[in-house]
Amino acid sequence: MIYQQSSPFPAGFLWGASTSAYQVEGAWDSDGKGPSVVDMLSHPVGKADFTVASDHYQQMEADVAWFAQLGLKAYRFSVAWSRVIPDGDGAVNPAGLDFYRRLIATLRDHGIEPIVTLYHFDLPWALEQQGGWLNRHTIEVFVRYADMLFRELGDQVRYWLTINEQNTMILHPGAIGTPPGRALPDKKSLYQQSHHMLVAQAQVMQRCHTLLPGAKIGPAINTTSMYAATCRPEDAIAAHNWETLRCWSFLDVAVHGRYNALALRYLQDRDLAPQMLPQDGELLAAARPDFVAINYYSTATIAASRGDASDVAPRAGDQQIMLGEPGVYRPEENPYTAKTPYGWVIDPVGLRLTLRKVCERYNLPVMITENGIGAPDTLAADGTVDDGYRIDFLRQHIEQIQLALADGVEVIGYFPWSAIDVVSTHQGYAKRYGFIYVNRDEQSLHDLRRIPKRSFGWYQQVIASNGQQLQDTR
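Small disclaimer: the values here were computed from a predicted structure and weren't measured.

Visitor: Tell me what's going on with helix H9 (residues 187–211), and back it up with residues and numbers.
Guide: A rise of 1.5 Å per residue sets the reference length of H9, with its 25 residues, at 36 Å; its end C-alpha atoms lie 36 Å apart and thus fit the reference within 8%. Its side-chain oxygen at 3.1 Å from the backbone nitrogen of Lys188, Asp186 defines the N-terminal cap of H9.

Set out below in structure tokens:
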């Protein structure tokens, strides 16, 4: 649809950027922090791990000053559960909690709205050793952990996110990694973990509304649209299959409080359905999120399954992998889209389509909590970083957000990944996303100096103009 009048970004739009604790903080065992599952992962030889990361724990005040110079209206970050409760289930670590108090106070001093993610892949290792999310007890301790943060930080935090990319953890557990000597869980166990996460999330959303009636909270799922490879009806069915299982099956429970009918039938047919207690339905139905957060990077193109092993053929990389599943869907290439250096599909128009679908399905405001392009950014001899490709990528996506606003979608914020370079879960420090370059590489920390990239100045003008100035004028 081509509109005769454009729709500007609303006043108060949350122009921001994102990080996660384990990828940016470092200080993995400092000041009483306990180990998390990501601290225990095996890393590819020669790739950076998370022990120092971007040293944000030590350089937080200076980093926030950079964020303020960038002009951020909001900053989305996660709390490391094992930093504030080292074993996930015991006493609060005062030093860890103080770090987040200081971070939030520093953000507010600079006029930056804190957006807090409760859980971003980094379950405390002590809980993992007790069964992790497969152990229903983790529901109880997650709710207790969230309650503590609501009480201790809630007077300064208005926006909360529950669990980051639950669908990635369940559908692509290998994308997150596994500790040495451990095999990936079987699918039935994964869907049982997912159910426990959904019940925990629902209780946390209800607790937030009770303890912080002025706050808002929502789920954050890696959400994308699926295209049928052809006009063949069977391809359309396959695309709907995978879009439902990958996206709506998780968001339907989070928003509507009930399992999606097609997704539940799939689980029952394959003996993957989780064990549910009688009270779970009531708990799920009471959640009532205030908004939906989506992490959007790319779309996928899907064909009908051939029903054999040839369906399982990856077409992209990392958590954007579309593996295929016999009897469900088969991944195909899209000749109309480009790809990043790491094989991720680049599809700005797909963001508009995804926003339309989320709005139509849930009738809630939408916060885009991740969107970005990973690339091997290079520090030039003159001390600059020219990431014009990042400007092009983000500009095209922001243009599509504005069109989604014209479509009637209530988009309340945009948080590119990432505010500052972070350690990629898969590619260490070779794959960079930030507006701010961190002067380190895979093995050498160098001086960890912060250097604004070309995209820094561009995003600065985008924010200052409330999205009206999208062209690169530098």
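Visitor: Please set out empty space enclosed by the protein residue by residue, giving values where relevant.
Guide: Scanning the entire structure with this criterion turns up four cavities of 30 Å³ or more. Each pocket or cavity is described by its volume, and for the second largest cavity that value is around 100 Å³. Lining the second largest cavity, in full, are Tyr191, Ser194, His195, Leu198, Leu245, Ser249, Phe250, Tyr259, Ala263 and Leu267. At the level of elements, H9, helix H10 (233–256) and helix H11 (261–269) are the ones that each hand at least two residues to the lining of the second largest cavity. Among the elements that take part in the lining of the second largest cavity, H9 stands out by supplying four residues, more than any other.

Visitor: Can you explain the packing of helix H2 (residues 56–70) against helix H15 (residues 454–464)? Please cite residues and give values.
Guide: Close contact between H2 and H15 brings their axes to 8 Å; oriented N to C, the two are set at 60 degrees. Between H2 and H15, the angle falls in the class oblique. On H15, the residues that touch Trp66, Gln69 and Leu70 of H2 are Phe456, Tyr459, Gln460 and Ile463.

Visitor: I'd like to hear about the layout of surface pockets, residue by residue, with values.
Guide: Vacant regions in the atomic arrangement are exposed by a probe of water-molecule size rolled over the atoms. Its boundaries defined by the atoms lining it, the second largest pocket holds a volume of some 340 Å³. Lining of the second largest pocket is provided by 19 residues; of these, Ile170, Leu171, His172, Lys187 and Leu323 occupy positions nearest its centre. Looking at the lining of the second largest pocket, the elements that each hand over two or more residues are helix H7 (166–171), helix H8 (173–176), H9 and H10. Residue composition of the lining of the second largest pocket, grouped by class: 14 nonpolar, three polar and two charged.

Visitor: Account for the sheet that holds strand S3 (residues 113–119), naming residues and giving values.
Guide: Around the barrel, which closes on itself, the eight strands sit in the order S1-S2-S3-S4-S5-S7-S12-S13 with parallel pairing between neighbours. Adjacent strand axes in the sheet meet at a mean angle of 30 degrees when their direction is disregarded. Against the sheet, H9 contacts S3, strand S4 (159–164) and strand S5 (216–222), and its axis sits at roughly 155 degrees relative to S5.

Visitor: How would you explain the pattern of salt bridges if you had to name every residue and give the values?
Guide: Any two side chains of opposite charge can pair, so long as their charged atoms come close to each other. Inspection of every chain in the model, using the stated rule, returns 36 salt bridges. Its salt-bridge partner being Asp39, residue Lys33 comes within 2.8 Å of it at the nearest N-O pair. One salt bridge connects Arg449 with Asp447, and the closest N-O pair in it is separated by 3.2 Å. Salt bridges linked by common partners bring Asp377, Asp387, Arg390, Asp421, Arg432 and Lys453 together as one network.

Visitor: Give me the lowdown on the side chain of Arg330, citing residues and values where you can.
Guide: Topologically, Arg330 is positioned in strand S9 (residues 330–332). Among the polar contacts listed, one links the side chain of Arg330 to the backbone oxygen of Ser310, at a separation of 2.7 Å. Among the polar contacts made by the side chain of Arg330, one reaches the side chain of Asp311 at a distance of 3.1 Å. In contact with Arg330, other than residues within four places in its own chain, are Thr301, Ile302, Ala303, Ala304, Ser305, Arg306, Ser310 and Asp311.

Visitor: Provide a residue-level description of the packing of aromatic side chains, including the pertinent values.
Guide: Per the stated rule, a full pass over the model turns up 26 aromatic pairs. Aromatic side chains Tyr22 and Phe50 sit 4.8 Å apart centroid to centroid with 90 degrees between the ring planes, which places their arrangement in the edge-to-face category. Taken together, the residues Tyr22 in helix H1 (residues 21–24) and Phe50 in the loop between H1 and H2 connect sequence positions 28 residues apart. Each member of the pair, Tyr22 as well as Phe50, is classed as buried. Ring centres of Trp81 and Tyr145 lie 4.7 Å apart, and the angle between their planes is 10 degrees; this geometry places the pair in the stacked category. With Trp81 in helix H3 (residues 81–84) and Tyr145 in helix H6 (residues 137–153), the pair connects residues that are 64 residues apart, well separated along the chain.

Visitor: Please provide a residue-by-residue account of the pairing of strand S8 (residues 300–303), values included.
Guide: Because side chains alternate across S8, one face comprises the buried residues Ala300 and Ile302, and the other comprises Thr301 and Ala303, equally buried. Sheet analysis places strand S6 (residues 226–228) next to S8, joined by three bridges and oriented parallel. Residue Met226 lies in a different strand from S8, and its bridge partner there is Ala300. Where S8 and S9 come together, three bridges link them in antiparallel fashion. Its bridge partner being in S9, Ile302 is matched across the sheet by Pro331.

Visitor: Explain helix H4 (residues 94–109) residue by residue, including any values.
Guide: Spanning 16 residues, H4 covers 22 Å between terminal C-alpha atoms, matching the ideal 22 Å at 1.5 Å per step. Taken as a whole, H4 has its buried residues at Gly96, Leu97, Phe99, Tyr100, Leu103, Ile104, Thr106 and Leu107. Next to the buried residues of H4 lie H1, H2, strand S2 (74–78), H3, S3 and H6. Of the residues one or two after H4, Gly111 is the one with positive phi, at around 75 degrees.

Visitor: Tell me about the environment of Met322, residues and numbers included.
Guide: Along the chain, Met322 falls in the loop between S8 and S9. Looking at Met322, the relative accessible area reads 6%, which means it is buried. A C-alpha to C-alpha distance of 8.9 Å links Met322 and Thr301, two positions 21 residues apart in sequence.

Visitor: Break down unusual backbone geometry for me, with residues and values.
Guide: Trans is the prevailing form of peptide bonds, just as negative phi is the prevailing case for residues other than glycine. Across the junction of Trp417 and Ser418, the peptide omega takes the value 10 degrees, indicating a cis bond. Within the fold, Ser418 resides in the loop between strand S13 (411–414) and strand S14 (436–438). The phi dihedral of Leu448 falls on the positive side, at around 55 degrees, and the residue is not glycine. Structurally, Leu448 is set in the loop between S14 and strand S15 (450–452). The exposure class of Leu448 is buried, given its relative accessible area of 9%.

Conventions adopted
- Residues numbered from 1 in each chain as written.
- Predicted model: local features only at pLDDT ≥ 70, side-chain atom pairs only at ≥ 80, totals over all residues.
- Heavy atoms only, no water.
- Helix = DSSP H or I, 4+ residues; strand = E, 2+ residues; numbered from the N terminus.
- Expected span 1.5 Å × (residues − 1).
- Polar contact = N/O pair within 3.5 Å; in protein donor to acceptor, adjacent residues only side chain to side chain.
- 1 Å grid on protein atoms, 1.4 Å probe; cavity = no way out; pocket = protein on both sides within 12 Å on 5 of 7 lines; lining within 4 Å.
- Points joined across faces, edges and corners; volume = space filled by probe spheres on them.
- Axes fitted to C-alpha atoms, helices over the stretch in contact; angles between N-to-C directions.
- Parallel < 35°, antiparallel > 145°, perpendicular 65-115°, else oblique.
- Contact = heavy atoms within 4.5 Å.
- Nonpolar A, V, L, I, M, F, W, Y, C, P; charged D, E, K, R; others polar.
- Pairing = 2+ DSSP bridges.
- Salt bridge = Lys/Arg side-chain N within 4 Å of Asp/Glu carboxyl O.
- Phe/Tyr/Trp six-rings, centres within 6.5 Å; stacked < 30°, edge-to-face > 60°.
- Buried < 20%, exposed > 50% of the residue type's maximum accessible area, 1.4 Å probe, protein only.

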